[in-house]
Amino acid sequence: MRVPLSWLREYVDLPVEVTGREVATRLISAGLEVELVERLGADLTGPLVVGQVLAIEELTEFKKPIRYCQVDVGEANGTGQPQNIICGASNFAVGDKVVVVLPGAVLPGGFKISARKTYGHVSEGMICSVRELGIGDDHDGILVLSPEHEVGTDAIALLQLVDEVLDIAVTTDRGYCLSMRGVARETATAFGLPLLDPALLDVPEANGDGHPVRIEDAAACDRFVARTVTGVRPEARSPIWMRRRLQKAGVRPISLAVDITNYVMLEIGQPLHAYDHSRLDGTIVVRRAEAGEKLTTLDGAERKLDPEDLVIADGSGPIGLAGVMGGAHTEIADTPADPSPLGASGTTEIVIESAHFDAVTIARTARRHRLSSEASRRFERGVDPGAADAAAQRAVDLLVLLAGGTAGAGVTDQGTPVPPATVEIPADHPDRVAGVAYGREVVVRRLQEVGCSVTGSDTLTVTAPSWRPDLTDPNDLAEEVLRLEGYESLPATLPRPPAGRGLTEGQRLRRRVGRALAGQGYVETLNYPFVGAAALDALGLPGDDPRRRAVRLANPLSDEEPWLRTTLLPGLLETLRRNHGRGSQDLALFETGLVFRPTGRETAQIRPPVTRRPTDEEVAALNAALPPQPRRVAVVLAGAREPAGWWGGGRPAEWADAIEAARTVAGEAGVELIVERDQHAPWHPGRCAALRLAGERTLVGHAGELHPRVVKALGLPERSCAMELDLDLLHRAGGGTVNGPTISSFPVATQDVALVVDNAVPAYEVEAALRAGAGELLESVRLFDVFTGEQLGAGRKSLAYALRFRAQDRTLTAEEATAAREAAVATAISRTGASLRGA
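Here is what the cut-offs are and how they apply
- Residues numbered from 1 in each chain as written.
- Predicted model: local features only at pLDDT ≥ 70, side-chain atom pairs only at ≥ 80, totals over all residues.
- Heavy atoms only, no water.
- Salt bridge = Lys/Arg side-chain N within 4 Å of Asp/Glu carboxyl O.
- Helix = DSSP H or I, 4+ residues; strand = E, 2+ residues; numbered from the N terminus.
- Buried < 20%, exposed > 50% of the residue type's maximum accessible area, 1.4 Å probe, protein only.
- Pairing = 2+ DSSP bridges.
- Contact = heavy atoms within 4.5 Å.
- Axes fitted to C-alpha atoms, helices over the stretch in contact; angles between N-to-C directions.
- Expected span 1.5 Å × (residues − 1).
- Phe/Tyr/Trp six-rings, centres within 6.5 Å; stacked < 30°, edge-to-face > 60°.
- Polar contact = N/O pair within 3.5 Å; in protein donor to acceptor, adjacent residues only side chain to side chain.
- Core = buried A, V, L, I, M, F, W, Y, C linked by side-chain atoms within 4.5 Å.
- Parallel < 35°, antiparallel > 145°, perpendicular 65-115°, else oblique.
- Left-handed = near helix turned anticlockwise from the far one by under 90°.
- Nonpolar A, V, L, I, M, F, W, Y, C, P; charged D, E, K, R; others polar.
- pLDDT = per-residue confidence, 0-100.

### As for the pattern of salt bridges
Next, step 1: In the structure shown here, the tally under the stated rule is 54 salt bridges.
Next, step 2: The partner of Glu676 in a salt bridge is Arg692, and the shortest N-O contact between them spans 2.9 Å. On the criterion of sequence distance, the pair formed by Glu676 in strand E35 (residues 673-677) and Arg692 in strand E36 (residues 683-693) is long-range, its members being 16 residues apart.
Next, step 3: On the accessibility criterion, Arg692 (22% relative accessible area) is partly exposed.
Next, step 4: Here Arg771 makes a salt bridge to Glu767, at a shortest N to O gap of 3.3 Å. Of this pair, Arg771 and Glu767 are both found in helix H20 (residues 763-774), four residues apart, which corresponds to roughly one turn of the helix.

### Remarks on the sheet that holds strand E21 (residues 317-321)
Next, step 1: Across the sheet, which stays open at both edges, the five strands sit in the order E14-E17-E20-E21-E22 with mixed pairing between neighbours. The open sheet has two edge strands with one neighbour each: strand E14 (213-215) and strand E22 (325-326).
Next, step 2: Inspection of the sheet shows strand E17 (residues 284-288) paired to strand E20 (residues 310-314) by four bridges, in the antiparallel sense. For Val285, the partnering residue across the bridge sits in E20 and is Ala313.

### Regarding the sheet that holds strand E40 (residues 778-787)
Next, step 1: The antiparallel open sheet is built from four strands, whose spatial order is E40-E41-E39-E42. Two strands lie at the open edges of the sheet, namely E40 and strand E42 (835-836), each paired on one side alone.
Next, step 2: Sheet contacts for H20: strand E39 (749-758), E40 and strand E41 (796-805); angle to E41, the most-contacted strand, approximately 35°.
Next, step 3: The strands touched by helix H21 (residues 814-832) are E39, E41 and E42; relative to E39, the strand with the most contacts, the crossing angle is about 15°.

### A word on helix H13 (residues 505-519)
Next, step 1: Across its 15 residues, H13 extends 21 Å between first and last C-alpha, which sits within 8% of the 21 Å expected from 1.5 Å per residue.
Next, step 2: For H13, the complete set of buried residues consists of Gly506, Leu509, Arg512, Val513, Gly514, Ala516 and Leu517.
Next, step 3: One or two positions beyond H13, positive phi appears at Gly521, with a value near 100°.

### Section: the pairing of strand E32 (residues 631-638)
Next, step 1: In terms of residue burial, E32 counts as a mostly covered element, since seven of its eight residues are buried.
Next, step 2: As defined by bridge partners, E32 adjoins strand E38 (residues 721-726) across six bridges and the pair is classed as antiparallel. Looking at the pairing, Val636 lines up with Ala722 of E38.

### What about the packing of aromatic side chains?
Next, step 1: A full pass over the atoms with the stated rule returns six aromatic pairs.
Next, step 2: Measuring from centroid to centroid gives 4.8 Å for Trp7 and Tyr263, while their planes differ by 15°, and the two rings are stacked. With a gap of 256 residues between them, Trp7 in helix H1 (residues 5-8) and Tyr263 in helix H6 (residues 256-268) connect regions that are remote in the sequence. Each member of the pair, Trp7 as well as Tyr263, carries the same accessibility label: buried.
Next, step 3: Between Tyr528 and Phe530, the aromatic rings sit 6.2 Å apart at their centres with planes inclined by 15°, giving stacked as the arrangement.
Next, step 4: On the basis of relative accessible area, Tyr528 is assigned to the exposed category, the value being 65%.
Next, step 5: Each residue in the set Trp7, Trp241 and Tyr263 is aromatic and connected to the rest through ring pairs, giving one cluster.

### Points about the side chain of Ser179
Next, step 1: As for its position among the elements, Ser179 is in the loop between strand E13 (163-169) and helix H4 (180-191).
Next, step 2: For Ser179, a relative accessible area of 2% corresponds to the buried category.
Next, step 3: Here Gly182 takes part through its backbone nitrogen, which lies 3.0 Å from a polar atom of the side chain of Ser179.

### Structural notes on the environment of Ala534
Next, step 1: With respect to the helices and strands, Ala534 occurs in helix H14 (residues 533-538).
Next, step 2: Judged by relative accessible area, which is 59%, Ala534 ranks as exposed.
Next, step 3: As a C-alpha pair, Ala534 and Trp655 span 121 residues in sequence and 25 Å in three-dimensional space.

### Things to note about the nonpolar core
Next, step 1: Core analysis: the biggest nonpolar cluster contains 59 residues, and Val23 and Leu166 have the highest contact counts within it.
Next, step 2: For this core, the element with the highest residue contribution is helix H9 (residues 388-403), accounting for 10 residues.
Next, step 3: With 29 residues, the next largest nonpolar core counts Ala653, Val671, Leu673 and Leu693 among its residues.

### A short note on the packing of helix H5 (residues 240-248) against H6
Next, step 1: Viewed as axis vectors pointing N to C, H5 and H6 meet at an angle of 55°, and their least axial separation amounts to 10 Å. With respect to each other, H5 and H6 are oriented oblique. Judged by the twist between their axes, the crossing of H5 over H6 is left-handed. Two secondary-structure elements touch here, H5 through Trp241, Met242, Arg245 and Leu246 and H6 through Asp259, Ile260, Asn262, Tyr263 and Leu266.
Next, step 2: Taken together, the residues of the contact of H5 with H6 sort by class into six nonpolar, one polar and two charged.

### Overview of helix H11 (residues 440-450)
Next, step 1: Within the sequence span of H11, burial applies to Val442, Val443, Val444, Arg446, Leu447 and Val450.
Next, step 2: Elements in contact with the buried residues of H11: H4, helix H10 (429-434), strand E26 (453-456), strand E27 (459-463) and helix H12 (474-485).
Next, step 3: In the segment just after H11, Gly451 is the residue with positive phi, at about 120°.

### Concerning the pairing of E38
Next, step 1: When you tally the buried positions in E38, you get six out of six residues, the bulk of the element.
Next, step 2: Covered by surrounding structure in E38 are Cys721, Met723 and Leu725 together with Ala722, Glu724 and Asp726, the residues of both alternating faces.

### Topic: the confidence of the model for the protein
Next, step 1: Residue-level pLDDT values for the protein average 91, and 98% of them are 70 or greater.
Next, step 2: A low-confidence stretch, residues 335-345 stays under pLDDT 50, and its non-local contacts, those more than four residues away or across chains, total 12 contacts.

### Some details on unusual backbone geometry
Next, step 1: Between Ala681 and Pro682 the backbone carries a cis peptide bond, its omega angle lying at 10°.
Next, step 2: With respect to the helices and strands, Pro682 occurs in the loop between E35 and E36.
Next, step 3: The residue Gln160 is not glycine, and still its phi comes out positive at about 50°.
Next, step 4: Mapped onto the elements, Gln160 comes out in the loop between helix H3 (155-158) and E13.
Next, step 5: Taking relative accessible area as the criterion, Gln160 reaches 17% and is therefore assigned buried.
Next, step 6: Of note, the phi angle at Arg370 is positive, near 50°, even though the residue is not glycine.
Next, step 7: Among the secondary structure elements, Arg370 is positioned in the loop between helix H7 (359-368) and helix H8 (374-381).

Take a look at the structure:
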């Protein structure tokens, strides 16, 4: 909402010295969002006056039309003699009143005016266009004024060229501030000044002589006021002051009737619509649209109506989308630029509509047709139903004053507006909310300044004003007291958390996992938890894969991603693709987050009341309706894992790096993983590992290189790798806090062993056997080489392990280390069928 300060002063008698910035500061303190204070004409200096063209000499010796004009500017030039001015425009004639800028003036943009010789004559100033004055973009012709303005009048004041405009971002709960009336009320309260309410008008009583109106849907339209003005002069034009106020408020002047409806909407906040009475066919009806009906709106678009649309109709069918936009069929007829002397064509009888519509109905209609208008913006946020008759009266008064019309005796006022809400609130409720002792007198005074009527002592009965439909709860009223008293006066008090509270074990694990992965060069990303069929298809998931059973959103942000994710990989891989496409070649990304895995056994949802806390049974029912939401961690890699440089060649990321990331995560949870060969989409069938918990053998995730078809479908770099684990399963298996290793001060004894086994024997089984046989002296086992070759035989492989032995209380002898090694080898041979290489 753009609020010119000069217009605002008409309703609030602000001191002359108060600037727009001071007003903005007070309004911001009261809770409004003033984004900008624009100073109009700050770089404009006079003299800038009204002049009358006395003579025009056409200079024809030039390539374009040039006119040498004599213009009477009265005593503004100090001599009373006409000014000689060169002008290239041709849309004015002798006798016209124009705006003249005299030498010494400065126009907007720092354009200095001086007398200078041009086209063989001395030009003593300039005749101005709209754009040169900074009040519009029209530069095709000169601004021609109406004839009633006196020669020599200061045009700066006449055209209101110097002003300040407040640009206010009106939130959804403050729809009343989409009007000068609403902003003026806030300004008057902020400065402690009286308000001149533009809606306080004498309005005649409703009678049966007005234009007939019938409301068929009282829930969607609870009030409809219609007034008629006859004898309107079609050639009448909007006065300068109205056009300038509309322009400053961001509304383009169109015609007198339309300008008046826009002006009253900005002034009082009630959207209006003007109909050409001669184009109406009988009774105006407010109803829902019928199947198959169409309407051509004022923007020229033909719209297919939905049965949920609320329309204004007459005997010919729909003539407007209620509260959104009128129809082209009944719009005010244009007046020819040069009316015939025998009689001007155009609208001479106008019907004014001033109605109140349901906010939700209008909002849905506007979104359904993708047609947001100034009217719909106001109805969506709540319009004062009590101001409908005053707004209609204001429009009638302006049509009578400016267009020479006559107000019709008939007044139509149909419907019964919903009465304002009444709320009971303890007098000390704002005190308890704010932690400040305001007292009953302050609370009552502030609520009355808002417009509420207040009765009661310890418990206040508050009736909200008709223009504040958002005040329905004690906390709404408390907020009004707090904001008017000033949020800056509220004390800053830190909450005191109860002793013994802190991060849960699950939160600690997530932080440890994040730090560990970041330490290995992974970058954390946060992705939207939405997926669609295309993403799951690109992963190559089979039709019966559980990850295809997803929760569908009731109101998705995108029709292409209507489901909640069942895996973290689509979002991570899309981030990988995007960053690779923007020049990042070596990438390692990770994410932790929830996935949503419905089982089909979820119960129906319930809707507990909002007036109390849900019972334990209701909370249990709500939880039963939710799908399982396990927390998972995933990584993706592409490009070089170790970069090349002067130190040597690099190494590309491969499936083993994804498995190592899984081991890192498991290590932070204090559990050990078993790695087994597997085939699982979207991984490569020959480079995919199933990750299981040691001992339990519970499947917790997969890791490896992505399938080439998946890489191609998603546009990923070649040989991209990924890993995904169930973090909740790791947390439960870990059993809480991870204990650090015991450090011995005695030296380590290292023994190597190479065992030959069948290719089908997993390395983790050989490692487990070595650990079991080595006993308590074994500190660690590390696989450092895998070898296959003809000398081993077909289907055989050699696994070389480094065994580290250490005691906590002594230095081991060579005999002790060798005995432990031999025991480990013997156990491995008996359990896995291995043989000692070279034996």
